[in-house]
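An overview of the molecular structure
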Amino acid sequence: MPSRCDCGREFDTWLAAQEHRQTSDAHEEERLTLPPCCEWFPTEEAMRAHLADHNYHHICKHCMVDFPDMVTYSEHVGHLAECRFRDCNKIFEKDQLPGHLEYAHGHCLQCGTTYETRQEFNSHRENNIYHI
């Protein structure tokens, strides 16, 4: 999930935004400070240890966004869905999961079956006379 830095730049993940804050001259004064506690961390490992010890951070393990409270965190997580096929396990907004299933794995609109791989889906279509 995208994360916007205080300077206005947008990054793919929260960690990428934090890395930008660590290395950019524009953020020299604020290296690895973390709201809401505003503590400064010399390394990412130190910051992660802090996050694990303090229960006022509500971080989504999938997009690494720190939510201000448990209510907004729960709302966010409630909108996520995981693709449970072997070796996939990608996380999506719930409304994006059907498209993923159709295009990445193969979902037959005629019989309602979703296949784990696109190859299995193509084989199903080729071998099923009812789908012609």
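Whatever comes next refers back to the structure up there.
Residues numbered from 1 in each chain as written. Predicted model: local features only at pLDDT ≥ 70, side-chain atom pairs only at ≥ 80, totals over all residues. Heavy atoms only, no water.

**Some thoughts on the overall build of the protein chain**
Along the backbone of the protein chain there are five helices and eight strands. Along the chain direction, N to C, the helices and strands of the protein chain fall in the order β-β-α-β-β-α-β-β-α-β-β-α-α. The burial tally for the protein chain puts 33% of its 132 residues in the buried class. Put simply, 12% of the contacts in the protein chain that link residues at least 6 apart link residues at least 24 apart. Carbon and sulfur atoms make up 50% of the accessible area of the protein chain, which totals about 9,000 Å². (Helix = DSSP H or I, 4+ residues; strand = E, 2+ residues; numbered from the N terminus. Buried < 20%, exposed > 50% of the residue type's maximum accessible area, 1.4 Å probe, protein only. Contact = heavy atoms within 4.5 Å. Areas by Shrake-Rupley, 256 points an atom, 1.4 Å probe, with all protein chains shown as cover.)

**Regarding the pattern of salt bridges**
One pass over the full model with this rule turns up one salt bridge. A salt bridge links R84 to E82, with the nearest nitrogen and oxygen atoms 3.2 Å apart. Accessibility expressed as a relative area gives 68% for R84, which makes it exposed. (Salt bridge = Lys/Arg side-chain N within 4 Å of Asp/Glu carboxyl O.)

**So, the packing of aromatic side chains**
One pass over the structure, following the stated rule, counts two aromatic pairs. Aromatic side chains F67 and Y73 sit 6.2 Å apart centroid to centroid with 65° between the ring planes, which places their arrangement in the edge-to-face category. Consider the rings of Y115 and F121, whose centres lie 6.3 Å apart with planes at 45°: the pair is tilted. Its relative accessible area of 16% is what places Y115 among the buried residues. (Phe/Tyr/Trp six-rings, centres within 6.5 Å; stacked < 30°, edge-to-face > 60°.)

**Details of the nonpolar core**
A81, C83, C88, F92, L97 and L101 form the largest nonpolar core, which has six residues in total. Among residues more than four places away in sequence, those in contact with C83 are C88, N89, K90, F92, L97, H100, L101 and H105. Counting five residues, the second-largest nonpolar core is a separate cluster that includes C60, C63, V65 and L80. (Core = buried A, V, L, I, M, F, W, Y, C linked by side-chain atoms within 4.5 Å.)

**Description of the side chain of H100**
Position of H100 among the secondary structure elements: in helix α4 (residues 97-106). With residues up to four places along the chain from it excluded, the contact list for H100 reads C83, C88, K90, F92 and H105.

**Points about the environment of H57**
With respect to the helices and strands, H57 occurs in the loop between α2 (44-53) and β5 (58-59). Distance in space between the C-alpha atoms of H57 and F67 is 7.0 Å, their sequence separation being 10 residues.

**Observations regarding the side chain of H124**
With respect to the element layout, H124 can be found in helix α5 (residues 118-127). Within the structure, H124 has its side chain in polar contact with the side chain of Y115 (distance 2.7 Å). (Polar contact = N/O pair within 3.5 Å; in protein donor to acceptor, adjacent residues only side chain to side chain.)

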